[in-house]
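The residues making up each chain are set out below.
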Amino acid sequence: MSGGYVDDVDYGTEILYTGQGGNDPRTKRQIAHQELTRGNLGLARSQLDGNPVRVVRGAGGDEEHSPRTGLRYDGLFRVVDHWSDIGADRFTIWRFRLVAHESTDLPPPLPPSDVAGEVTRVEATIQRLVRNTTVAAEAKRLYDYRCQICGEQLMTPAGPYAEAAHIKPLGKPHNGPDTISNVLCLCPNHHVLFDTGALQIDPEGRVVDTINSVIVVDLQLTKSHPINWSLVEYHRNIHTTNKKAKQ
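Since the structure is predicted, the reported quantities are computational estimates derived from the model, not experimental observations.

**Concerning the sheet that holds strand 5 (residues 92-100)**
- On the basis of which strands lie adjacent, the open sheet formed by five strands has the order 1-2-5-4-3 and antiparallel pairing. Strand pairing shows two members of the sheet lacking a second neighbour, strand 1 (9-10) and strand 3 (53-58), which therefore form its edges.
- Bridge count for strand 2 (residues 14-18) against strand 5 is five bridges, and the pairing is antiparallel. The partner of E14 across the bridge, within strand 5, is V99.
- Running at roughly 95° to strand 4 (residues 71-86), helix 1 (residues 38-49) makes contact with strand 2, strand 3, strand 4 and strand 5 of the sheet.

**Things to note about the side chain of D7**
- Tracing the backbone shows D7 in the segment before strand 1.
- For the buried D7, no salt bridge is present, and the opposite-charge side chain at shortest range is R95, 5.1 Å distant.
- Side-chain polar atoms of D7 contact the backbone nitrogen of A88, separated by 2.9 Å.
- With residues up to four places along the chain from it excluded, the contact list for D7 reads L16, T18, Q30, G87, A88, I93 and R95.

**Some details on the environment of A164**
- Summarising the element assignment, A164 is placed in strand 8 (residues 163-166).
- Residue classification places A164 among the buried residues on the basis of a relative accessible area of 16%.
- When the C-alpha positions of A164 and A139 are compared, they lie 6.9 Å apart, and in sequence the two are 25 residues distant.
- Dropping the residues within four chain positions of it, A164 is found in contact with A136, K140, V183, L184 and H191.

**What about the sheet that holds strand 10 (residues 199-201)?**
- Read across the sheet, three strands follow the order 10-11-12 without closing on themselves; strand pairing throughout is antiparallel. The open sheet has two edge strands, strand 10 and strand 12 (214-218), and neither has a second partner. Strand after strand, the sheet turns through a mean of 30° between neighbouring axes, direction not considered.

About the criteria used
- Residues numbered from 1 in each chain as written.
- Predicted model: local features only at pLDDT ≥ 70, side-chain atom pairs only at ≥ 80, totals over all residues.
- Heavy atoms only, no water.
- Pairing = 2+ DSSP bridges.
- Helix = DSSP H or I, 4+ residues; strand = E, 2+ residues; numbered from the N terminus.
- Contact = heavy atoms within 4.5 Å.
- Axes fitted to C-alpha atoms, helices over the stretch in contact; angles between N-to-C directions.
- Buried < 20%, exposed > 50% of the residue type's maximum accessible area, 1.4 Å probe, protein only.
- Lys, Arg positive; Asp, Glu negative; His and termini not counted.
- Salt bridge = Lys/Arg side-chain N within 4 Å of Asp/Glu carboxyl O.
- Polar contact = N/O pair within 3.5 Å; in protein donor to acceptor, adjacent residues only side chain to side chain.

In structure tokens, the structure reads:
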């Protein structure tokens, strides 16, 4: 963040970052459209994989949040969203919402509204578990971003997408381990169903639909993925059902 792009917006713990490319380095104005390639693709990939990025601010950036001279490293930020937009110079740009890794993730101040009435903003502190992104990335790599239940690989413009689902939930009161033996690679739909107990895994490694009491499919596993079956049993126990799966 050094003032190189006119569409950058710096709120301190939150940044609306303009992707790279298409600008004139002398005037700082956009003269061409940006594409989802190179660094832009890398940032989009960081969002999908949950990898933080390092933010450096330079003296040419926003006066309130930038150093007076030189460069300053300002820590890790998460990429929480990205989208294409039309910038101030009427060219397509890529926007990335970056949030400081340890921030409360509050939105920036709202501009004056034309709607009658006022909105009161209340500050809140949000506690987050810092998950091991290396573990999540390894689980996805083992299955080439394919869901272990349905086998589907979701493809986005930034590449394949999957989610790391913890078998025994992290945090209190469960305190599950953030290890590869406690993680499944799932698509978003099956992640939600698994987390809510609508899908469970029986002792034989079969995926059970607990709503309809039927066995759906065998859970896909690789030899290099050491599932901890005591954690699978724990998941079944916290989502207890009296129904038996039909063969």
